[in-house]
Amino acid sequence: MTNERPINFGAGPSALPETVLEEACKGLINFQGTGIGVAEISHRSKEFTSLVASLESNIRTQLDVPPTHKIIFTQGGGTGQFSAVVLNMLARHRLLHPDLSDEQRVMDYVITGSWSKKAEIEAKRLGGASVHIVVDASTKSKDSKSFDAIPAHEDFDFSADPALIYYCENETVDGVQFSNDEQSSASFPFHLLPAGGLWPLVADYSSSFMSRKIPRIADHAVIFAGAQKNIGPAGLTILIVRQDCIVDVDAAAKLGAIPVPITMSYKINADAGSLYNTPSTLSIYIAGLVLERSKQLGGVVYFESLNGRKAQKVYAALREGETKGAYRSKVKEGSGSWMNVVFDVLGDNAESRFLAGAEALGMMALKGHRSVGGIRISLYNAITEEQTDRIVAYLKDFATQNT
């Protein structure tokens, strides 16, 4: 092991670019020449409000976010949005259809992994509408409980007029991800969505946000992402919300909708420019540094190319190891995540030896999620191609030496 920093292959909070961390250290002492650290400065100062505007501009420009959508910065992570999307979208539906009973309202959930399953459970807990499972990928797996592939398009069954249609683009626990290629059988089936124009489509992009373009971004009602995967430390949640979904939740409550906590109201946060209450100032600052670096490198176009190469190299090494009997992928080919590669190491005590060997070489946080076990290699934006080559070489060496 050398004196260089270990490589953090963790799934989140995840690696950040070293140059960003170095610059952030300076900002903690003296933010933009104010002599005050970014964690101390007023969130209503001109320096900080300028930072928020710059971060929004970088996201809008790099992702081609249309003017029909607002960008909102909030807190609570993806888990907080499991609740917020239900409450805000049900408020919208109540305003559009005030005479429907709760039993007549429907929320559609696409279940492709652990996080979309948790979101569906929260929707049922909150109530206000029935929950319809569009498809449950676990029922299509060999053991009828694992999430190992994106279901075939013909298995999707959308409701005619749901209050929301929810999906998770990349499942970090299970290593399953929708393809960006709409011709792929593993893509999201936009062509099967109900007719009528403005879809109430909600997407969790937490673990792939800013790693590649978002297909049909303008057709989404809400896109949300926790920052702690690709663009910053934990504490910041980014929302892209179509303006027709930013509604008066209090007016909806008077018609019988579930009251929305004030910090979860999209309208309250949007109207206040994401500064209704004190935001996560340090997280916003570091995210701003990350996206400035991203812009200089070429934005999501650059990272989509880079991340595609990284994933291809790791999956090739994994398949090579499978032929030698060293590894077993947890995900069927074609549905594997670019961000989170998950697999088992075969043999007595082999997983422990794999982890110990990787740690000795400075490669950390490779143990899979506690709910599924195995190994998980997270290849977020901050992981360089050189660092990826190191884990690929280790995968090959371990497979050769242990079979």
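As recorded in an unreviewed UniProt entry, the protein goes by phosphoserine transaminase and comes from Lentinula detonsa. Quoted verbatim from the Cofactor (unreviewed entry) field of UniProt, the annotation for the protein is "pyridoxal 5'-phosphate".

Q: Explain the pattern of salt bridges here, please?
A: Pairing is possible between side chains of opposite charge, provided their charged atoms come close. In total, this model carries 23 salt bridges according to the counting rule given. Notably, a salt bridge pairs Arg125 with Glu122, separated by 2.7 Å at the nearest N-O pair. With Arg125 and Glu122 both in helix H4 (residues 114-126) and 3 residues apart, the pair spans about one turn of that helix. Residue Arg125 is classed as exposed on the basis of its relative accessible area of 60%. Look at Glu122 and you get buried, because its relative accessible area is 13%. Salt bridges sharing common partners tie together Arg309, Lys313, Glu385 and Asp389.

Q: Explanation requested: the nonpolar core in the structure shown.
A: What tends to happen in soluble globular proteins is that the nonpolar side chains get buried as a cluster. Residues Ile59, Leu63, Val110, Tyr167, Phe188, Phe209 and Ile231 are the most contacted members of the largest nonpolar core, which totals 55 residues. It is helix H7 (residues 281-297) that provides the largest number of residues to this core, a total of 7 residues. Each residue touching Val110, except ones within four places of it in the same chain, is listed here: Ser116, Val134, Val135, Phe156, Phe158, Tyr166, Tyr167, Phe178 and Phe188. Core analysis: the next-biggest nonpolar cluster, separate from the first, contains 30 residues, Tyr327, Leu355, Leu379 and Ile391 among them.

Q: When you look at the environment of Gly374 in this model, what are you seeing that I'm missing?
A: Within the secondary structure layout, Gly374 lies in the loop between strand S13 (363-364) and strand S14 (375-378). Linking Gly374 and Asp344, residues 30 residues apart in sequence, is a C-alpha distance of 4.6 Å. Among all residues touching Gly374, those that are not within four sequence positions of it are Lys330, Phe343, Asp344, Glu351, Leu366, Lys367 and Gly368.

Q: Any chance you could explain unusual backbone geometry here in plain terms?
A: Of all residues except glycine, most have a negative phi; of all peptide bonds, most are trans. The residue after Gly12, namely Pro13, is reached through a cis peptide bond having omega -5 degrees. Note on placement: Pro13 falls in the loop between strand S1 (7-8) and helix H1 (18-29). You will see that Gln32, though not glycine, has its phi angle at about 50 degrees, which is positive. Position of Gln32 among the secondary structure elements: in the loop between H1 and helix H2 (46-63). A positive phi angle is found at Met210, which is not glycine, with a value near 70 degrees.

Q: Quick question: what am I supposed to make of the packing of helix H3 (residues 77-96) against H4 here?
A: Two numbers describe a pair of packed helices, the interaxial angle and the distance between the axes. Contact pair H3 / H4: the axes reach a minimum separation of 9 Å and the direction vectors enclose 45 degrees. Judged by the angle between their axes, H3 and H4 are oblique. Taken as a pair, H3 and H4 cross one another with a handedness that is right-handed. Contacts from Thr79, Phe82, Ser83, Val86 and Leu87 in H3 reach Trp115, Lys118, Ala119, Glu122, Ala123 and Leu126 in H4. Split into classes, the residues belonging to the contact of H3 with H4 amount to 7 nonpolar, 2 polar and 2 charged.

Q: Quick question: what am I supposed to make of the packing of helix H8 (residues 299-323) against helix H10 (residues 385-401) here?
A: Two numbers describe how H8 lies on H10: the axes approach to 9 Å, and their chain directions differ by 5 degrees. With respect to their mutual orientation, H8 and H10 come out roughly parallel. Of the residues in H10, those in contact with Leu306, Arg309, Lys310, Lys313, Val314, Ala317, Glu320 and Gly321 of H8 are Glu385, Thr388, Asp389, Ile391, Val392, Leu395, Lys396 and Ala399. Taken together, the residues of the contact of H8 with H10 sort by class into 7 nonpolar, 2 polar and 7 charged.

Q: I keep staring at the packing of aromatic side chains and nothing clicks. Help me out?
A: One pair of aromatic rings is described through two measures. These are the centre distance and the angle between the planes. All chains considered together, the criterion is met by 19 aromatic pairs. Note on Phe354 and Tyr394: the rings are 5.0 Å apart at their centroids and 55 degrees apart in plane angle, and the pair reads as tilted. On the criterion of sequence distance, the pair formed by Phe354 in helix H9 (residues 350-360) and Tyr394 in helix H10 is long-range, its members being 40 residues apart. An identical accessibility class is assigned to Phe354 and Tyr394; each is buried.

Q: In this structure, what is going on with the UniProt feature "domain: Aminotransferase class V" (unreviewed entry) in the protein? I would like to understand it.
A: Mapped onto this structure's residue numbering, the UniProt feature "domain: Aminotransferase class V" (unreviewed entry) falls at residues 8-390. Across residues 8-390, helical content stands at 35% and strand content at 15%; the span's end C-alpha atoms are separated by 12 Å.

Q: Honestly, the sheet that holds S14 in this entry has me stumped. Any pointers?
A: Think of a sheet as strands paired side by side through backbone hydrogen bonds, with each pair either parallel or antiparallel. Pairing is antiparallel in the open sheet, where 3 strands are placed in the order S11-S12-S14. With partners counted over all chains shown, the strands left at the sheet margins are strand S11 (327-329) and S14, one partner each. The average angle at which neighbouring strand axes cross in this sheet is 35 degrees, direction not considered. Bridge count between strand S12 (residues 340-345) and S14: 4 bridges; the pairing is antiparallel. Paired with Asn340 across the two strands is Ser378, which belongs to S14. Along the sheet, H8 makes contact with S11, S12 and S14, crossing S11 at roughly 125 degrees.

Quick notes on the rules
- Residues numbered from 1 in each chain as written.
- Predicted model: local features only at pLDDT ≥ 70, side-chain atom pairs only at ≥ 80, totals over all residues.
- Heavy atoms only, no water.
- UniProt positions renumbered as here; feature names shortened; annotations may be inferred.
- Salt bridge = Lys/Arg side-chain N within 4 Å of Asp/Glu carboxyl O.
- Helix = DSSP H or I, 4+ residues; strand = E, 2+ residues; numbered from the N terminus.
- Buried < 20%, exposed > 50% of the residue type's maximum accessible area, 1.4 Å probe, protein only.
- Core = buried A, V, L, I, M, F, W, Y, C linked by side-chain atoms within 4.5 Å.
- Contact = heavy atoms within 4.5 Å.
- Axes fitted to C-alpha atoms, helices over the stretch in contact; angles between N-to-C directions.
- Parallel < 35°, antiparallel > 145°, perpendicular 65-115°, else oblique.
- Left-handed = near helix turned anticlockwise from the far one by under 90°.
- Nonpolar A, V, L, I, M, F, W, Y, C, P; charged D, E, K, R; others polar.
- Phe/Tyr/Trp six-rings, centres within 6.5 Å; stacked < 30°, edge-to-face > 60°.
- Pairing = 2+ DSSP bridges.

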